[in-house]
Amino acid sequence: MMLNVFLGIIAIAGIVYLCIIFWQKYTVKQANKLYESKHELGSIPLNDEFKLANDLRLTGESKQKYDNLLSEYENLRGVTFPDIEEGIKLVNEDGKGINFIKTRRDLNLVHNMMEDADLSIKEIQANLAQLHELNKQHHLLVKDLEIEYENLKSEISEHKEEILPSFDAIQLKMDEANKTFLEFSTLTENGDHDKAEKVLGTLNNEIIDIKNDMKNIPSAYDKLKNVFPVQIDELKKGYNFSVNQKINFKDDNFNGRINNLNELINQSYEALSQLDLETSQSINTKIATIVDEMYARIEKEYSAQKRVEKNTKKIDEYLEFIRKQNVSLTRTLTKMNSNYVLDHSETENNRQITEQIKNIAKTVNDDKGAMKDGDAIYSLIDEQQSKTIKTLKQIKDTQDELYNSLIELPSKEQNATQALKEFDLEMRNCKRHLDSLNLPGMPNDYTEQFNGVIKEITKLDTAMNLPKINIDEISKQLIIIQSDMDNLNEYTDKLTDNAILAEQALQFSNRFVHSSETIATARIKAKEYFDKKFEYSKSLTVIATALENEQSGSFQKIENEYFAKKNNPNKLEEINKKAD
């Protein structure tokens, strides 16, 4: 047992020893890597780059930047690099012991110092490279800008006539740009490249501004010099031509508007002379809008004159047609009014039409007078004529509608007369039919209904023979009579069926009168309904019920034969022949 414990202790001690040996070798290896990295940093040829930068003879802000970079580099070599070497030595010493935590902390510290030093050297290199690049670029730009300035100067001189109002102001801008260029050139030669870079930005903006002016001024100036004057001259000629053609304008202030245009042109010139392109372009837009409106007004009146001249003849012809049609309508209305009651405002409508025609004729004559006197504003007349043509069409439609309603009256009267004759004939036929049945009398309600239709027909006949016929009332009466006639015919048909069937059933019941007390009693009651009360429906019900009770199907046979004969007499004869 003790032997096993002893062997375990020896094994653990061996493992710990191996770990210590491994950590020491690892630490030495890491320290060597850091030393090599430090050596590589120290071997970067920044001294040569600083010497080249110093040869640039920097001044001002660039010299200050150079001095700061050199100071930072010297601090690296004099302070940071020695501190890194000491740290590496300390790591090597720590690696020989077993204080792993301290060794690890020292190793991380040196590693961080190396990363910071590496970043600083790269930043120094980049800034030195930038100084060299700015020096190179600025010297090249001095030549390029000088050429660009001269080219721009030549362009301005060549296109002087195209930018004439702005020429002096452009020259002042060029002088300012030249001063900026000289400042940039001097700073470049003196080696103050940082400040030169700022001045270069100003110079570029000035050149771009001048180029934009050269791009935009010619079009604005061309409108003022060539476009607008030509348009104003055309407007004057167009206006004078219109006046000579006796064309007038509503709220005419043509000359005032022309003066306003000339004033706006002068304002735009003034804005261009001060290189206020935004104001000049805004004024030019306003001028263009006014010019377009004036063109449109002249064109509107000229076009309106052509339409008015064409429509005047059309309206005259249309108006004359409407007048003649109105005379004919008035005659027809007078004639119809003597024979018929007119209660649809026909007379009032005709009066309104006549008044409308008078008003239109007055307006047309007034417009003709204005055109003859040279006072016409054709656009207003054109609008009025459009309304007049529309109104004339509406009048014609109203005349046609009124005329058609009038000429229908005689035909409606004729139709009503024919209907009256047909009603009278139908009632006579109904009376003859009832007489042919030889019935002892008629039910009271049927008699009332029959007499009611007679009264309605008599009333219609009276209305038809009045001096002035009311077709609307007659039409209503026709509808009522026709409805009542249909009801009466239906009642007559029903009464006829009941009366005939009751007679036939009573005749058939004679067979059972001595053999059946029920039939005898029913027959007496049915005869009373038939002969005294004229209630044929009840008579039929009493006798038919008794027969069916006495001999089932007996009345049904009578009824079937009756309706078969009534509905199809020929077919009944065929059935009877087959039965025989």
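Residues numbered from 1 in each chain as written. Predicted model: local features only at pLDDT ≥ 70, side-chain atom pairs only at ≥ 80, totals over all residues. Heavy atoms only, no water.

1. Describing the overall build of the chain
- Summing up its helical and strand segments, the chain has 16 helices and 0 strands in all.
- The proportion of buried residues among the 580 residues of the chain is 35%.
- Residue pairs at least 24 apart in sequence account for 79% of intrachain contacts in the chain once pairs closer than 6 positions are excluded.
- Of the roughly 35300 Å² of accessible surface on the chain, 51% is carried by carbon and sulfur atoms. (Helix = DSSP H or I, 4+ residues; strand = E, 2+ residues; numbered from the N terminus. Buried < 20%, exposed > 50% of the residue type's maximum accessible area, 1.4 Å probe, protein only. Contact = heavy atoms within 4.5 Å. Areas by Shrake-Rupley, 256 points an atom, 1.4 Å probe, with all protein chains shown as cover.)

2. Here we look at the nonpolar core
- L406, F423, I457, L460, I474 and L547 are the most contacted members of the largest nonpolar core, which totals 52 residues.
- Sorting the residues of this core by element identifies α8 (277–339), α10 (378–436), α11 (444–464), α12 (471–509), α13 (517–533), α14 (536–550) and α15 (554–567) as the ones contributing at least two each.
- Sort the elements by how many residues they give to this core and α12 lands first, with 13 residues.
- Sequence-distant contacts of L547, defined by excluding residues within four places in its chain, comprise A505, F508, S509, F512, I519, S552, S554 and F555.
- In terms of nonpolar packing, the next biggest core, distinct from the first, is built from 44 residues, F181, I207, Y239 and V291 among them. (Core = buried A, V, L, I, M, F, W, Y, C linked by side-chain atoms within 4.5 Å.)

3. Structural notes on helix α9 (residues 346–373)
- Compared with an ideal rise of 1.5 Å per residue, which puts 28 residues at 40 Å, α9 spans 41 Å between its outermost C-alpha atoms and is within 8% of the ideal.
- Following α9 by one or two positions, G374 has its phi on the positive side, about 80 degrees. (Expected span 1.5 Å × (residues − 1).)

4. Examining the confidence of the model for the chain
- On average, residues of the chain score 78 in pLDDT, and 73% of them are at 70 or above.
- Across the chain, the element-wise mean pLDDT spans from 47 in helix α16 (residues 569–579) up to 92 in α12.
- A low-confidence stretch, residues 34–43 (pLDDT under 50), is modelled with 18 contacts involving residues beyond four sequence positions or located in other chains.
- A low-confidence stretch, residues 572–580 (pLDDT under 50), is modelled with 3 contacts involving residues beyond four sequence positions or located in other chains. (pLDDT = per-residue confidence, 0-100.)

5. Section: empty space enclosed by the protein
- Per the counting criterion, the structure on display carries 2 cavities of 30 Å³ or more.
- Here the largest cavity is characterised by a volume of approximately 90 Å³.
- Lining of the largest cavity is provided by Y239, F249, D252, N253, F254, R257, M294, R297 and I298.
- Those elements giving two or more residues to the lining of the largest cavity turn out to be α7 (254–273) and α8.
- If one sorts the elements of the lining of the largest cavity by residue count, α8 sits on top with 3 residues.
- The residue makeup of the lining of the largest cavity, split by class, is 5 nonpolar, 1 polar and 3 charged.
- Quantified by volume, the second largest cavity comes out at close to 70 Å³.
- Taken together, T312, I315, T363, V364, D367, K368, M371, Q384, Q385 and T388 form the lining of the second largest cavity.
- Elements with a contribution of two residues or more to the lining of the second largest cavity: α8, α9 and α10. (1 Å grid on protein atoms, 1.4 Å probe; cavity = no way out; pocket = protein on both sides within 12 Å on 5 of 7 lines; lining within 4 Å. Points joined across faces, edges and corners; volume = space filled by probe spheres on them. Nonpolar A, V, L, I, M, F, W, Y, C, P; charged D, E, K, R; others polar.)

6. Some details on α7
- Along its 20 residues, α7 runs 29 Å from first to last C-alpha, staying within 8% of the 28 Å computed at 1.5 Å per residue.
- For α7, the complete set of buried residues consists of F254, I258, L261, L264, I265, S268, A271 and L272. Down the axis of α7, the smallest arc covering the buried residues is 135 degrees, so these residues share one side. Exposed and oriented more than 90 degrees from the buried face of α7 are N255 and N259.
- Positive phi appears at L275, one or two residues downstream of α7, with a value of about 60 degrees. (Arc of directions from axis to C-beta.)

7. Regarding the pattern of salt bridges
- What the rule picks out here adds up to 20 salt bridges.
- If you follow the salt bridges from partner to partner, you end up with K173, D209 and D213 in one network. (Salt bridge = Lys/Arg side-chain N within 4 Å of Asp/Glu carboxyl O.)

8. Some points on the layout of surface pockets
- Taken as a whole, the largest pocket encloses approximately 260 Å³ of empty space.
- Looking at the largest pocket, it is lined by 16 residues, and the ones nearest its centre are H344, E346, L402, S405 and L406.
- If you list the elements that add at least two residues to the lining of the largest pocket, you get α9, α10 and α12.
- For the lining of the largest pocket, the leading source of residues is α10, giving 8 residues.
- In terms of residue class, the lining of the largest pocket is built from 6 nonpolar, 4 polar and 6 charged.
- Volume-wise, the second largest pocket comes out at about 150 Å³.
- Contributing elements (two or more residues each) for the lining of the second largest pocket: α10 and α11.

9. Here we look at the packing of α11 against α12
- Where α11 contacts α12, the axes come no closer than 10 Å and their chain directions differ by 155 degrees. The orientation of α11 with respect to α12, classified from their angle, is roughly antiparallel. The crossing of α11 and α12 is left-handed. Touching D445, Y446, Q449, F450, V453, E456, I457, K459, L460, A463 and M464 of α11 are I474, Q477, L478, I480, I481, D484, M485, N487, L488, Y491, T492 and L495, all from α12.
- The residue makeup of the contact of α11 with α12, split by class, is 15 nonpolar, 4 polar and 4 charged. (Axes fitted to C-alpha atoms, helices over the stretch in contact; angles between N-to-C directions. Parallel < 35°, antiparallel > 145°, perpendicular 65-115°, else oblique. Left-handed = near helix turned anticlockwise from the far one by under 90°.)

10. Looking at the environment of S516
- Within the element layout of this structure, S516 appears in the loop between α12 and α13.
- For S516, a relative accessible area of 5% gives the class buried.
- Between the C-alpha atom of S516 and that of A546, which follows or precedes it by 30 residues, the distance is 9.9 Å.

11. Focus: the packing of α10 against α11
- At their nearest, the axes of α10 and α11 sit 10 Å apart, and the two run at 150 degrees to each other. Of the possible angle classes, the one that applies to α10 and α11 is roughly antiparallel. For the pair α10 and α11, the crossing hand works out as left-handed. In this structure, α10 contributes E413, A416, T417, L420, F423, D424, M427, C430, K431 and L434 to the contact, and α11 contributes Y446, F450, V453, I454, I457, L460, D461 and M464.
- Tallied by class, residues from the contact of α10 with α11 come to 13 nonpolar, 1 polar and 4 charged.

12. Details of the side chain of S539
- Relative to the elements of secondary structure, S539 occurs in helix α14.
- In this structure S539 comes out as buried when scored by relative accessible area, which is 0%.
- The contacts of S539, once residues within four sequence positions are left out, are A502, L506, A526, Y529 and F530.

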